[in-house]
Each structure stands twice: as structure tokens, then as C-alpha cells.
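Chain by chain, the residues run as shown.
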Amino acid sequence: MAKVLAYKHWLSGCIKAITALKTPYTDIALRKLIPKALPPPSYAQLAAANQELEGEISNVYKELLLLKQAEIAIKQSEICYRAVVENQTEVIARYLPDGTLTFFNQAFALYFGRTPEELIGSRDQPIILEADRERVAEFVALISADNPLVIIENHVLLGDGVRWTKWHNRMIFDEQGCFLEFQSVGYDITDFKKIEETLFLEKELAQVTLQSIGDAVVTTDAFGRVKYLNPVAISLLGCSQAFAEGLPFAEVFDIVHETTGNEVKNPIEQALEENRTVDLATHTILINEKGQEIAIQDSASPISDRQGKTIGAVMVFRDVTQKQELSRQLSWQATHDGLTGLVNRQYFERQLEQALDLAKSNHQVHALCYLDLDHFKIVNDTCGHVAGDELLRQISVILQEKIRKTDILARLGGDEFGLLLSQCPLEQALRVANDLLSSVQKFRFVWQEQIFSIGVSIGLVCIDTNSESVAEIISRGDAGCYTAKNRGRNRLYVAQTDDEDRLQQRGEMQWASRISQALESDLFCLYVQPITAITPAAQNGDYYEVLLRLWDEQGNLVLPMTFIPAAERYNLMHLIDRWVIRTLFMNWTRVVGDKQRMYAINLSGCSINDDQFLDFLYKQFTLYSVLPQCICFEITETVAIANLSKARQFIQSLQRMGCHFALDDFGVGMSSFAYLKSLPVDYLKIDGSFIRNIVENPVDNAIVTAIRHISSVMGIQTIAEFVENDAILKQITTLGIDYAQGYGIAVPRPLG
């Protein structure tokens, strides 16, 4: 049996050798050698061995067939694999742990622009940007059996520059699990990186913008939970991003109505529910986490994706506390007087309009008190505007204490006040007005140890169904106040529709319109009246007073006393003064020429108190080349006394130029001589009331004598007005008066 087995083993080896080296020659040769190599076995042995041998040969052929099939399958699989790999757009390569390339596809070679000869067996390091090599090596080192896949993004070097690639790196193992090599599958992500960088920059810009803008910005998800707060939102809400993130927005955004305190619906919730932009209601207050109350304005809008699905909401809001405060302040200033805190004229007139409408529609009766302070100018001129302002404030408090809450007290301007007594019959209004009168009369204004008595003149007007308009009501009140002043001040006058004072004021209003028209249409004209020297000491040369006349529609001359009161009341005198000076100077060369003459021009208090009037005079003197020595300005004693310091400065300024000054209507004041010491005038024009009866009245004669004596001592020359006849002329000449003027000397005549 052992021999059979040995034979069998030998025969099997021979068969395998024969199979491997099978040729016709070897087949014949070996068959001849087999019998000689072994002793011939028995027949049975041969049969058994032959049968076993045939089985072995059959098995060998089967194994060979399987191997051939496997080889063919492997070759086909490799062909398919390479076909698949070569057709891939991704770049594919295999490399050893040291980086040596063992395989790559065509896309790899094309991507890097190199030939297979250059790539196969080369290292991967040169194709990786140097700055990225260390990082790539660190990532590759992380690949293991437990972590077989590592994704790396890095720069690579190409022939035309540097590109971004993304690699999926994995380990390749054999069937026994032994590591063979690395495989990398990559693709170009340069364009993606550019887009990513652009998006990053845009995101950064958006973030910086949101961080920098002055408005608060909040974003939420579709359920109204906070996702983002910019710094302004963090500041206004009084909480951090970490605190608010994920919370329902309503929990960090508590808003109420400014006036009622009622809760206001959250705009984010409303925007998400209704899928539209929602503006916050006005007058909304935010009560933040710190308990601060902040006035805000905002709007909330839903955020939708490309398919239109709502994915969240954004709200923008701002702190408008200062803006609202400024708005309230401006609104208050638009309707109130800044000095006294009372309502102003515009607001008062609107309230009057409403009262008039109620009077006509509901037969209600109201009353208007038009108040003008007495002696306010004395305080203002003596102690300055600061004292005057304080007086107005104190008077406002006194008046407010005496009226009802439903009544409206306003400062109309200057030292004038208006009081609307709502639903107040005339009898009750009289009691209120008299109470105000008494309170102001008892008041004493103290300023820097000086004490002043203040009065008030009141014009009272009834507002009922017969009232015409707000303008008419105010006009009647103003006329009543004016009448109260003319009747002695510190009194009350009830203005009626048809009383004489009202008619007089209406006439003055008409004259004011005619005066304005006359100034525009040049309807005024100038007359002159000689002032004659009657003593040897009087100045030689012609001396004239310039007089003003007005042509009416019928071509008749109107004397100044007809229209001057209206001009004074409606602040037109400074315009008339300028017209007189401009007209005289324009005609100077034609009328005067080289003659030695002096012209006296009357000035009103308005011009003396006008800060621009001196500049106007300087320009007129320069423009028309008029010598200041030829001009004498006349101001009345009343005007001079009303603002003594201003008058003195005015006179001195013009005297330095060379002009002369005369004090007109002298003697009518109670303290004329006392004021005279403060006024550096050149002439005194004695009031005509003392001259007209000087021959018959010894008192007038004594007064004129006294004026003449004081003037002589002070070096002031005197002029007598209203010299109507020779007897008066003789008397004043005897008293030593220097000049005479009147119809007894010469009548007025047109200029030139």
C-alpha cells in the first residue's frame, strides 16, 4: 500500500509537471520511462491506482478550469474597473505611505497637466502647495483602520496656477485585512471656493452692517424664537444674545401703549401669522429686561425661502425717545410762549375760532379780555430786558391764579395778554376782569432793591351769535384796551360794536392802509415853514422846518395830525421818517444848492429806538453829499423822556457828525427842566400852548420867561412856536427868545 501511495504521489507530481509542460514530445518520452522507474505492480494495484489517478487528473483539470475562469474574470474586472476609473471626471490616484504614486486615472494626468511617465512612481508632495503640505500630512496621518476615510481640502499646483481641490482619502486593504496603499478621489472646488469666499464676504459685510447700523435688528425662526440680535438690539432689550437666543421673542420684547399702558400685540407674531410686513403702533413703549422704558418705532416682516415658505421673521426697531421728546418740545413751542409758558397767539386764535363756532351753533356766550400792561416799558428801560422778562413771568402767574382751568390765558406778544373766558356771561366776565385789574394793581415788582407799581388796561369783548369773526373780536378787544389806556390806564373798558372809540380805531386802521399805499405810491409831499431869528445872538442864515402833507384821492392836502396818530399806533412812523429824509436829500441840490440854510426834520420815537436808523442816515448823507451841519433833527420832549438814555446816545452820535438837535414841545412835561440836564440839545422849541396866550396870560409869560432863563444858563437857544401875530412877536422878543415860528411870521409853502 505504501508503494501504491508513493507511486500515486509520484504519478500525481508527474501529471502536474506534465500538465505544466505538456507537449507531444514530453508525453511520449515520459510514458516510456515510467515502467522502468518502478517495479511493475499487480493488476489490481494498477487498476486501483489508475482509477485513483484518473480522479486526480479530473480534479486538476477542474481546478485549472476554475483558475482560467478566475483569471479571465479578473482581467475583465480590471478592464471594467479601469474603464470606470478612466471615465470618471474626478481625479483618482493611489499612493504608498511615502507618497509615491502607484496608480492614477486619465483625469488626474489631465488635471495636473503631466504625462504618465512623469507621474508614475513620483511623490505627491510637489503637486501640493507648500503652505498646505504640513496640514495635508497631518490629516493623512489620521487615516487608520478605525478612521479609514479622511476628507481634505487643499491648494494644488497646476501649470497655469493654483487651484483648490477636495480629496476623499481612504486606506486600501487586501482580503486578509493587510494595508496595501492609499486611494484619493478628488475634484476641483476652486469655483465653489470663490463662491464660498464671496458669500463669506457678503455675510461678513451683512454682519458688520448689522453690527454697525443704528437700528436694532432681531431675527427669529418660523416659530418666533430668537435667533439673532445685533448690538443695538442687545442694548435696547437689556439682555445678551445667549440669554435671548431660543426664547420666544415676546418674552424679551414687552411693549405697551405710551398713554394707556395697555399691552400691544407683538409685531413678530403678527407678521408670522399674517405673512406680511407689520408696522408697530405709534406711541409704543418698550419695557426692557432692566425695567427701562424706551419709546420705539419698528416694523416686522416675514422671511421666506425661494419656494415662498416662511422660515422666520426679522424686526427692525429704533429708540425714538429723544425724537419724541423733541417732537413734543417742538409741538409745545409751536403752541406756547417760551418765556411765560402760556399758549401763544396762534393757538389762542384757534381756540377763539372754536369758541365762536360754539357761540353761533349752540348759542353759547363767551368773553375775551385783551390785556396790556401799564408802565412795563419803564421797567424794561430802567432795569433791562432781563427784568422785563421776569416781570412778564410773574404777571403770568398772578393772572393764572385768578382764572378757571377751563379758561385760556395767552401771551399775544410783548406785554399784551389774551384771556378767553369759556361760557362766561358779560356780568361774570366783568367780575373776573375787575379781579384781575385789582390783583395786578396790588402787585409790586421788586428788582435789585427797586420797587415798581404795575397796572393793566383791559378791553372786554362779549362773544355771542352777533360776533362776526376772530379778527373782528380781537380788533374790538384791542380797541377797548387802547381806549382804557387813553382814559387813564389801569382800567377796564367794555368794547361795544358801535361805540365811538371803536369807530375811531376803525378809522385809524383805514388810515394805516392809506399810509402804506401813500408810501408805495409816493403820495406824500414836503412843505417848509421859515424859522426866523429875532435876536442878534440868533444864528444867521435861513432856517426852515420840514413839514409833511398827504394828497388824498380828491387831490386835497391832508394835514399830518389827521394820519399821524394812526401811523404811530400801527408802527409806520419810522417808514415815514425815512421817506422824509430820503426825499429831502434827493432834492437837496435842486432846492438848496450853495445857499446857507438849515432844515429841521422831525423824528419819531420809533426811529430813535431803531438800531439800523443811524446806518440809514450815514448812507443818506454820503449818497447825496448833504452836509450834516445843515440838518437839525427835532424830537419831542415826550419821546426823549420815554427812553432817556437811548435818546441821549442817539443825539450824541449825530452831533459828532455835525448835526444839530432841537427838543420840540418843551414845557408840557412835569419835570422838563430835570430831564433837560440829561439831553445835549442845541435848541428848545417852546410848546405853542404857552405862546398862544402869552400876551394875556401872565402864567404862560412866567413859564416862558423861566424857560428862556434856564436855556440861557445852559447855552441853549430858544424857539417860540405858534407866533400868530405881532403882539406875540413883540412879547417874545422882549423876553429874549431867539427864534420865532408861526403864521404871524410865514405860512408853510411847498419845498422848492
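Overview of the structure.

The rules we used
- Residue indices begin from 1 for each chain and proceed along its sequence in written order.
- Given that the model is predicted, a residue must reach a pLDDT of at least 70 before its local features are reported, and side-chain atom pairs must reach 80 or more before they are shown or counted; all residues, however, enter totals for whole chains, interfaces and linings.
- Side-chain metrics in this entry use all non-hydrogen atoms of the structure; hydrogen atoms and water are not considered.
- Take a side-chain nitrogen of Lys or Arg and a carboxyl oxygen of Asp or Glu: if they are within 4 Å of each other, that pair is a salt bridge.
- Numbering of helices and strands runs from the N terminus, with a helix taken as a DSSP run of H or I at least four residues long and a strand as a DSSP run of E at least two residues long.
- The classification of residues rests on relative accessible area computed with a 1.4 Å probe and restricted to protein chains. Under 20% of the type maximum is buried, over 50% is exposed, and intermediate values are partly exposed.
- Nonpolar cores are built from buried Ala, Val, Leu, Ile, Met, Phe, Trp, Tyr and Cys residues. Side-chain atoms within 4.5 Å join them into one set.
- Whether two residues are in contact is decided by their heavy atoms, any of which lying within 4.5 Å being enough.
- Two strands are said to pair when DSSP picks up at least two bridges between them.
- The axes used here are C-alpha line fits, helices contributing only the stretch in contact, and every angle between their N-to-C directions lies in the interval 0 to 180 degrees.
- The span you would expect from a helix comes to 1.5 Å times its residue count less one.
- Directions are taken from the helix axis to each C-beta atom, and the arc is the one they span.
- Two N or O atoms form a polar contact when they lie within 3.5 Å of each other; inside protein one atom must be a possible hydrogen donor and the other a possible acceptor, and for residues adjacent in sequence the pair counts only when both atoms belong to side chains.

A look at the pattern of salt bridges
Turning to step 1, where the next piece is worked out: Per the stated rule, a full pass over the model turns up 28 salt bridges.
Turning to step 2, where the next piece is worked out: The shortest N-O distance in the salt bridge between Arg318 and Asp215 comes to 3.2 Å. Pair noted here: Arg318 is in strand β12 (residues 310-319) and Asp215 is in the loop between α7 (190-212) and β6 (216-221), with a separation of 103 residues, a long-range link.
Turning to step 3, where the next piece is worked out: We classify Arg318 as partly exposed; its relative accessible area is 33%.
Turning to step 4, where the next piece is worked out: Using a relative accessible area of 22% as the deciding quantity, one classes Asp215 as partly exposed.

Side note on the nonpolar core
Turning to step 1, where the next piece is worked out: Within the largest apolar cluster, 70 residues are counted, with the highest numbers of intra-cluster contacts made by Leu584, Tyr599, Phe633 and Ile732.
Turning to step 2, where the next piece is worked out: For this core, the leading source of residues is helix α19 (residues 573-586), giving seven residues.
Turning to step 3, where the next piece is worked out: Non-local contacts of Leu584, meaning those with residues more than four positions away in its chain, are made with Leu526, Val546, Tyr599, Ile601, Ile631 and Leu751.

Some points on the sheet that holds strand β2 (residues 101-104)
Turning to step 1, where the next piece is worked out: What the five strands build is an open sheet, ordered β2-β1-β5-β4-β3; its pairing is antiparallel. This sheet does not close on itself; its edge strands, each paired only once, are β2 and β3 (149-158). Direction aside, neighbouring strands of the sheet carry axes that sit 30° apart on average.
Turning to step 2, where the next piece is worked out: For strand β1 (residues 91-95) and strand β5 (residues 179-188), the ladder comprises five bridges, and the chain directions are antiparallel.

Quick word on helix α12 (residues 345-362)
Turning to step 1, where the next piece is worked out: Relative to the 26 Å expected for 18 residues at 1.5 Å per residue, α12 spans 25 Å between its end C-alpha atoms, a close match to the ideal helical length.
Turning to step 2, where the next piece is worked out: Of all the residues in α12, the buried ones are Phe348, Gln351, Leu352, Ala355, Leu356 and Ala359. Down the axis of α12, the buried set is contained in an arc of 145°. They therefore lie on one face.
Turning to step 3, where the next piece is worked out: As for α12, its buried residues are in contact with β13 (366-374), β14 (408-413), β15 (416-421), β18 (455-463) and α16 (470-486).
Turning to step 4, where the next piece is worked out: Near the N-terminus of α12, the side chain that reaches the backbone nitrogen of Gln346, with its oxygen 3.4 Å away, is that of Asn344.
Turning to step 5, where the next piece is worked out: Note on α12: the residue one or two positions beyond its end, His363, has a positive phi of about 55°.

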